[in-house]
Amino acid sequence: MEDLAGIHKRLSFQGIEIQAVHDGTADSILIGIRGLVGQMQREDGAKKVRRGMAGVIRDGRHAGGRAYGYRTVPGKPGELEIVEDEATIIRRIFAAYAAGRGPREIAQDLNRGNIRPPRGRRWNASTINGNAKRGTGLIFNELYAGRIVWNKVRMVKDPDTGKRLSRPNPREEWQSIDAPQLRIVEQSVWEQAHALKD
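Everything quoted here is computed from the prediction, not taken from an experiment. (Residues numbered from 1 in each chain as written. Predicted model: local features only at pLDDT ≥ 70, side-chain atom pairs only at ≥ 80, totals over all residues. Heavy atoms only, no water.)

Asker: Which residues make up the packing of aromatic side chains, and what are the values?
Answerer: Enumeration according to the criterion identifies four aromatic pairs in this entry. Considering the side-chain rings of Tyr-68 and Trp-123, the 5.6 Å spacing of their centres and the 90° angle between planes classify their relative orientation as edge-to-face. Of this pair, Tyr-68 sits in the loop between helix H2 (28-58) and strand S3 (70-72) while Trp-123 sits in the loop between helix H4 (103-112) and helix H5 (125-129), and the two are 55 residues apart along the sequence. Like Trp-123, Tyr-68 is buried. When the ring of Phe-94 is compared with that of Tyr-144, the centres are 6.2 Å apart and the planes differ by 75°; the resulting orientation is edge-to-face. Residue Phe-94 is located in helix H3 (residues 84-98), and its partner Tyr-144 is located in the loop between H5 and strand S5 (147-150); the two are separated by 50 residues in the primary sequence. There is no split in this pair, since Phe-94 and Tyr-144 are both buried. Of the aromatic side chains, those joined through ring pairs into one cluster are Tyr-70, Phe-94, Tyr-144 and Trp-190. The ring of Trp-174 carries the charged tip of Lys-152 above its face, separated from the ring centre by 5.5 Å. (Phe/Tyr/Trp six-rings, centres within 6.5 Å; stacked < 30°, edge-to-face > 60°. Helix = DSSP H or I, 4+ residues; strand = E, 2+ residues; numbered from the N terminus. Buried < 20%, exposed > 50% of the residue type's maximum accessible area, 1.4 Å probe, protein only. Lys NZ or Arg CZ within 6 Å of the ring centre and 35° of its normal.)

In structure tokens:
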């Protein structure tokens, strides 16, 4: 609604009319109605996408982006398979963390070994440590323990900059399902690492 009204206001100021194929010259009332309908369709589409993603989770498939240690199975949307080279690194990280080594120290070891990080050029502590509230970072990624978790965050658009920002959802809104075929880290190591984290 806001975008269409702004365009109409600016074009009207320049003396330019908006001609609609079926409705003729667009006036303020038509702009308001079309903007409202467009807004409703956009919001309805977003709800349908989220409902579809929730269904993907219920089916035991992955609805999120790429996770280190996994790749998508070609021709099978939402299905993941383990990348064994990366899984070895994940097991190494969890074993070191469970043994009491800090994220910064682990990251330095990985960088010294020239091991490629999930993103960027270097490993850093935040890649491993993550953020407890958002459930990010390798240590908090439940996929490594054979559990798919979705809806940790929601995306909102900053009205001034137009940039999309993520905001954490309350834990009771998170959706999860067991996926034992995706387990990389043994349960005992997972629990030991999380006991230290707590």
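From this point, things continue past the structure.
Asker: So what's going on with the side chain of Asn-141? Residues and values would help.
Answerer: Following the sequence through the fold, Asn-141 ends up in the loop between H5 and S5. A polar contact of 3.0 Å, which involves the side chain of Asn-141, links it to the backbone nitrogen of Leu-143. Contacts of Asn-141, omitting those with residues within four sequence positions, involve Ala-67 and Trp-190. (Polar contact = N/O pair within 3.5 Å; in protein donor to acceptor, adjacent residues only side chain to side chain. Contact = heavy atoms within 4.5 Å.)

Asker: Can you tell me about the side chain of Asp-109, naming the residues and giving the values?
Answerer: Mapped onto the elements of the fold, Asp-109 is located in helix H4. Residue Asp-109 is classed as buried on the basis of its relative accessible area of 18%. At 2.5 Å, the side chain of Asp-109 forms a polar contact with the side chain of Arg-101. Contact partners of Asp-109, with chain neighbours within four places excluded, come to Arg-92 and Arg-101.

Asker: How would you summarise helix H6 (residues 187-197) if you had to cite specific residues and measurements?
Answerer: Every buried residue of H6 is listed here: Trp-190, Ala-193 and His-194. Projected down its long axis, H6 shows its buried positions confined to an angular sector of 95°, all on one face. In H6, those exposed residues whose orientation departs by more than 90 degrees from the buried face are Ser-188 and Ala-195. The elements touched by buried residues of H6 are H3. (Arc of directions from axis to C-beta.)

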